[in-house]
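These are the residues of each chain, in order.
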Amino acid sequence: MKIKFWGATEEVTGSMTFIESHGEIGMVDCGLSQGKSDSDEKNFASLPYSPKSIKEVVITHAHLDHSGYLPRLVKKGFHGSIICTQTTADLIKIILDDSASINRGDDEALYDVEDVKATLKLLRPEKWNHEFSFLGMKAKLIPAGHILGASSLL
């Protein structure tokens, strides 16, 4: 197994962790970088892996710095499952819709409302403490208490 931390390193936003296991690539969280002068540069930069090669993503909670890059990932070719709790899925819809509408007037938006719609179709809610497969490994989402629906990946 290989783990690559991307974003939220030496800062607190843009959380993305890439995992290679059993010949597949996945992510834990897929967030936007926010608040710094170089945030746009980071959000438009190429990822260390092609979005088309990523099999699945686990989202720990709905905050934009943990889920806000999802529509960009989908826009760039990701078509796998996005695993999270049902409450996180409900909040992601609100947060991503809002983010797309805020970016609507930008010359070069990261994503648009159509990208958000395509993203929402990929959500696969899991119940807390229910075992599922993530990159061929046994996994569970356990309550984290951060915001509604927040979880830790076990």
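Residues numbered from 1 in each chain as written. Predicted model: local features only at pLDDT ≥ 70, side-chain atom pairs only at ≥ 80, totals over all residues. Heavy atoms only, no water.

A. The sheet that holds strand E1 (residues 2-6), seen in detail. Here six strands make up an open sheet; going across it, the order is E1-E2-E3-E4-E5-E6 and the pairing mixed. Only two strands of the sheet have a single partner each, and these edge strands are E1 and strand E6 (123-125). Strand-to-strand twist across the sheet, computed as the mean angle between neighbouring axes with direction ignored, equals 25°. Inspection of the sheet shows E1 paired to strand E2 (residues 16-21) by five bridges, in the antiparallel sense. Directly across from Lys-2, in E2, lies its bridge partner Glu-20. (Pairing = 2+ DSSP bridges. Helix = DSSP H or I, 4+ residues; strand = E, 2+ residues; numbered from the N terminus. Axes fitted to C-alpha atoms, helices over the stretch in contact; angles between N-to-C directions.)

B. Inspection of the packing of aromatic side chains at higher detail. Scanning all chains against the criterion turns up one aromatic pair. Taking 5.2 Å as the distance between ring centres and 45° as the angle between the ring planes, the aromatic pair formed by Phe-18 and Tyr-49 counts as tilted. Remark: Tyr-49 occurs in the loop between helix H1 (39-44) and strand E4 (54-58) and Phe-18 occurs in strand E2; sequence separation between them is 31 residues. Judged by relative accessible area, which is 16%, Tyr-49 ranks as buried. (Phe/Tyr/Trp six-rings, centres within 6.5 Å; stacked < 30°, edge-to-face > 60°. Buried < 20%, exposed > 50% of the residue type's maximum accessible area, 1.4 Å probe, protein only.)

C. A look at helix H5 (residues 113-120). For H5, the set of buried residues is Asp-115, Val-116 and Thr-119. Down the axis of H5, the sector holding all buried residues measures 100°, keeping them to one side. On the buried face of H5, the contacting elements are helix H3 (70-75), strand E5 (81-84), helix H4 (86-102) and E6. Of the residues that open H5, the one with a side-chain oxygen 3.0 Å from the backbone nitrogen of Glu-114 is Asp-112. (Arc of directions from axis to C-beta. Contact = heavy atoms within 4.5 Å. Polar contact = N/O pair within 3.5 Å; in protein donor to acceptor, adjacent residues only side chain to side chain.)

D. Spatial organisation of the pairing of E5. Here E4 pairs with E5 via three bridges, running parallel. Bridging from a neighbouring strand, Val-58 pairs with Ile-83 of E5. Pairing analysis gives three bridges linking E5 to E6, with the strands arranged parallel. Counted as the bridge partner of Ile-83 is Arg-124 from E6.

E. Looking closely at the nonpolar core. Within the largest apolar cluster, 28 residues are counted, with the highest numbers of intra-cluster contacts made by Val-57 and Leu-73. Mapped by element, the contributors of at least two residues to this core are E2, strand E3 (24-30), E4, H3, E5 and H4. When near neighbours in sequence (up to four residues on either side) are disregarded, Leu-73 contacts Met-27, Cys-30, Leu-47, Pro-51, Ile-54, Val-57 and Phe-78. Residues Ile-19, Val-58, Leu-135 and Ala-139 belong to the second largest nonpolar core, which totals nine residues. (Core = buried A, V, L, I, M, F, W, Y, C linked by side-chain atoms within 4.5 Å.)

F. Spatial organisation of unusual backbone geometry. A positive phi angle is found at Asn-129, which is not glycine, with a value near 65°. Looking at where Asn-129 falls in the secondary structure, it is placed in the loop between E6 and strand E7 (132-134). Relative accessible area serves as the criterion here: at 48%, Asn-129 is assigned to the partly exposed category. At Leu-135, a residue that is not glycine, the phi angle is positive and equals roughly 55°. Note on placement: Leu-135 falls in the loop between E7 and strand E8 (137-139).

G. Representation of the pattern of salt bridges within the structure. In this structure the tally under the stated criterion is five salt bridges. For Arg-124, the salt bridge goes to Glu-126, with nearest N and O atoms at 3.2 Å. Residue class for Glu-126 comes out buried when judged on its relative accessible area of 13%. (Salt bridge = Lys/Arg side-chain N within 4 Å of Asp/Glu carboxyl O.)

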